[in-house]
Every structure is written in structure tokens, then in C-alpha cells.
Amino acid sequence: MYSLAALAPLVPGALKVKEPHDGIMIYSFATRQAESVFREVKKANTDSIFIAGGPHPSGAVEDTLDHFDYVVVGEGEETLPELIEAIVSGKDASRIKGIAYKDAGGNTAHTDKRDAVDLDRYPCFDPDVVMAPLEISRGCPFRCKYCQTPRLFGNKMRHRSVDTIMRFVKYYKDLRFTSSNALAYGSDGIHPRLDRVEKLLSTLHEYGDRNIFFGTFPSEVRPEFVTNESLELITKYCTNTKLSLGAQSGSDRILRSILRGHTVDDVVNSIELCFDHGITPVVDFMVGFPDETEEEQDMSLELIKWICKKGGHVHSHYLTPLPGTPYANVTTSPVSDHYRKVLGKMALEGKVTGSWE
């Protein structure tokens, strides 16, 4: 829905529908939704041209083109309107950058890659069609092997200006944001620019009676960006008393292997700082990494138990190999009986959420 919200303003007259209709049908979906979408398109008895975009189609072009006429690869703000105009006017779509399709011989054809878009040129959403949290940043300089974000949006982090963001604040009482790392706003994604974070938060705070939820779902923050200074900005300007953190593993070897870019000590330090500032950390863990041992799963388990004992919360989930990532075709590791048993008990106690099967 976030992708469709971003694209709706660029397609005047677009309608949300619950099933295929005649005309141009536009889908954006993730891997877990792919099979149901493919079944829907296959069963459609309509005179339609089907266009797919989003995480799964961009990473699994061949798979998607078995069901769709076109795939918009990566960002769609510039590509989608051009593609629709070409279809409607009968022009040659093969000249449009950023798409894939089957040529006359049935082979997959990719057009030239399109440059990253300037977010300030495009609205966050069309309030009359579909709304979404305010997207303040896009892209990520890290290359975690399981993650589609840098493959979809590039390794250079881009940000919407404060002025552009403020144009959409009026539509919400509760302000929530999307970013690969909320505390990296205004920066290159590696070196924090807390002056720019404060500029954004103070401007939002001055706007009026709005609740500001920053660094919470559907966004999160990286552990090494959690400092006394950054947490003081949260407590000064924001409504949230929780902060979503990506830890992923309690094993330094696993963190190095997945190219996470931080250590277990960074995670521990960030959690301690959160408690010092009266903020409850909500920490994300993954299990099932390739060649992950039971001992390494126990390392994560010990860190999870420590977090929950101190009053934090944990979200744990099993690794899903996503198309377009280095882990697309890996063999995941089984979850140990011990990990399953302990997290199951903690889930019943309300300390852990997620799905780690």
C-alpha cells in the first residue's frame, strides 16, 4: 500500500479496486503476497494489461513476467506514468527506462536502468486515493544480505526536505514515518546529522497539536545511531516512549557474515541508553541464517532474555530468502528446539512477538 500511495498522485483518475477490471491494472506486492497475486491475475477474465512493481517483481522479474505484461523495476515515480502513456497512445514501450517485458520471441527484455528520483519532486500520497506514513528517506548505504532496500532504492540515502514533508502533515493527527533508519535523516546514512533530525522534529513539533512517532514502526533505527544526543531529541519532541531497533543476531560472526555493519556491543549499548532515557526498546531479531549454529541461536536467545528481563520487547522472525538479494537462493538453518521452546514461553508471557518457524 505504501508503494501504491506514492504512485497514485502520478496516475490521475486511478481507482482502487478489489479485483481485476478491464483496462490497465497496477499491482505492487511483496514476496509473501506473490502467489495469491499470481493466482488472481491468472484467473482474471478481463481485457487488461497487467503492470507489476514493488519488492517481489523487481527482484523476481522472470517469475513475475510469467503472469504480467510489464514489470517496473525499482522506483516507479518516473517510469510508471511514461509506461501508461505509451500503452494508451500505442507508442513503443521498449524505449522507456526501468522496465522489463517479454519481447516478440518470448525472451525477457530489460531496458536501461533509470537514475534515482529526487523525492522532493513527488508527493508522498494522494489523500483522495490512498494514504501512507510520511516517507522521509529512501535508500540505504548498508548491504545486509537479506534486505531488498539497497537493491531497490540504491546505496545512496535520499531525503525529502522539511518543507516538502510539512505539506502532508495536515492530513494526520498521529505522524508516522518510513525510512530505513529514521535517525539517519538528512545524512549519508553512515554519519549522523542530528542537527537535521532536530530541524525536522522541531518544525513538526511547532506545527501544532500532532503526535510525533519517530523511530517506531513502520520505521526503525540502527543501534549505532542511538546516542544520548539522539535520544534527547526523541524525548524532547516526540510522543513515542518506544524505539524500534534492528539487532538481528546475538552473534558477532553472524553480524559480520550478513554485512550488518554493527556489533553485539553496539546493540547492548543502544538498549542501555534507551533505558537510561526512559525509552522502551523494541528489538528485531532474525533466526535461520545460512550456516547459523545452535550455539549462535543460543547467543541470540541470551540477548533476547536479557532485553526482556530489563523491560524491553522483542520481535523475532525466521529468515525469508528474498529475490534480488544475496540470500535469494540460500538454504536456511533449522530453528533449534531450545530456541523454539524458550521463545514460545516468552510469547505466552507477552514479551516476544513474531514468527520464528
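Right, let's walk through the structure included here.

## Overview of helix α13 (residues 337-348)
Across its 12 residues, α13 extends 17 Å between first and last C-alpha, which sits within 8% of the 16 Å expected from 1.5 Å per residue. If you follow the buried residues of α13, they end up packed against β13 (280-287), α12 (294-309), β14 (313-318) and β15 (352-355). A positive backbone phi angle near 80 degrees is found at G350, which sits one or two residues after α13.

## With respect to the pairing of β14
Burial along β14 is one-sided: V314, S316 and Y318 are buried, and none of H313, H315 and H317, which face the opposite way, are. The pairing of β13 with β14 spans six bridges and is parallel. Of the residues in β14, the one forming a bridge with V282 is H313. Between β13 and its parallel partner β14, the chain crosses via α12, and the hand of that crossover is right-handed. Taken together, β14, α13 and β15 constitute a β-α-β crossover, and its handedness is right-handed.

## Regarding the sheet that holds β15
Reading across from one edge, β12-β13-β14-β15 is the order of the four strands in this open sheet, with parallel pairing throughout. Of all the strands in the sheet, just β12 (242-248) and β15 have a single pairing partner and so form its edges. The sheet shows a mean angle of 20 degrees between the axes of neighbouring strands, direction not considered. Alignment of β14 against β15, held across four bridges, turns out to be parallel. What sits directly across from S316, in β15, is G354. In the packing of helix α11 (residues 264-276) onto the sheet, the strands contacted are β12 and β13, and the crossing angle to β12 comes to about 170 degrees.

The rules behind each value
Residues numbered from 1 in each chain as written. Predicted model: local features only at pLDDT ≥ 70, side-chain atom pairs only at ≥ 80, totals over all residues. Heavy atoms only, no water. Helix = DSSP H or I, 4+ residues; strand = E, 2+ residues; numbered from the N terminus. Expected span 1.5 Å × (residues − 1). Contact = heavy atoms within 4.5 Å. Buried < 20%, exposed > 50% of the residue type's maximum accessible area, 1.4 Å probe, protein only. Pairing = 2+ DSSP bridges. Right-handed = clockwise from strand over helix to strand, strands pointing away. Axes fitted to C-alpha atoms, helices over the stretch in contact; angles between N-to-C directions.

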